[in-house]
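Given next are the chains, with one letter for each unit.
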Amino acid sequence: MGTERSGRYGLGRISQWLKNARGPQEAEADTEREPLLLAAAGAGLPLAPAAYPADYRCSCNRIGCPTPGRHPVSFAWQTQSTTDRSQIERWARHQPLANFITATGMVHDVLDVPTEAGQEALDRLLSSGVDVGPVALSGDDRMLFFTATRGTPDDEDEWWPCELDCHPETMDEHPGLRWHCRGSYVLVPPARLPGDRSVRWLRGPEHPLPDPLTLLEPLTDACARYAGAEPDFTSAWP
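Residues numbered from 1 in each chain as written. Predicted model: local features only at pLDDT ≥ 70, side-chain atom pairs only at ≥ 80, totals over all residues. Heavy atoms only, no water.

(A) Main features of the nonpolar core. Residues L47, F146 and V188 are the most contacted members of the largest nonpolar core, which totals 27 residues. For this core, the elements supplying multiple residues, two or more each, are helix 3 (27-42), strand 1 (47-50), helix 5 (85-94), strand 4 (99-103), strand 7 (142-148), strand 9 (185-187), strand 10 (191-193) and strand 11 (197-203). Of the residues forming this core, the biggest block, five residues, is contributed by helix 3. Once residues within four sequence positions are removed from consideration, F146 is found in contact with L45, T102, H108, D109, V110, G133, P134, A136, V186, W201, L209 and P210. (Core = buried A, V, L, I, M, F, W, Y, C linked by side-chain atoms within 4.5 Å. Buried < 20%, exposed > 50% of the residue type's maximum accessible area, 1.4 Å probe, protein only. Helix = DSSP H or I, 4+ residues; strand = E, 2+ residues; numbered from the N terminus. Contact = heavy atoms within 4.5 Å.)

Written out as structure tokens, the structure is:
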């Protein structure tokens, strides 16, 4: 990521810490881990410990773990998630290899899209002067747009679940888009994925969370164009 591009995307000091981090063995990335987690918590993102890649398996030791390095450690992750600085410091120091998840639907939601579609939408939004919030790159295939939460509407028909691309009736309207809200979570940077991949900030948590509806149309349009250009679209799903 060049200097010009970094400036355009509004990378702050927090984001720059991860810009060149590429692997779990880099000492610099290890020293940056705790400050980055505390910065995310300071921005209001509730955190909880998660599994991490261990050689060619998941640290949970579950045979055939379907989401290696991507899931919470505790089944009580929703109540465990916190922004308390002292607790996060204890977790980070006592579990030096752990990834962390952030629980959505409390303070923030996450719009999760294929990277190609997300990149197109991000360029369009920034060139239009839209206030885009934090954005993370998850591996090479997904881009995460952090937004303010929709909360829990009184009318359940107005509540949109996170698995928008998992139900056939929503495919045409929101191809490739997942809206992580109540009851869901995503990995928060910095996080390690199998295959020496990572989750890292493109725009850090110092950026205010936008209303999700300001991003939804550009992201949906970009996903639709991406779906039309990809013969085997299902291969892009995580």
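(B) Here's a closer look at the packing of aromatic side chains. Counted according to the given criterion, the structure contains three aromatic pairs. Taking 4.9 Å as the distance between ring centres and 75° as the angle between the ring planes, the aromatic pair formed by W77 and Y185 counts as edge-to-face. Of the two residues, W77 is situated in helix 4 (residues 77-80) and Y185 in strand 9; the sequence distance between them amounts to 108 residues. Classification of Y185 as partly exposed rests on a relative accessible area of 25%. Seen from their ring centres, F146 and W201 are 5.1 Å apart, and the 55° between their planes marks the pair as tilted. Of the two residues, F146 is situated in strand 7 and W201 in strand 11; the sequence distance between them amounts to 55 residues. (Phe/Tyr/Trp six-rings, centres within 6.5 Å; stacked < 30°, edge-to-face > 60°.)

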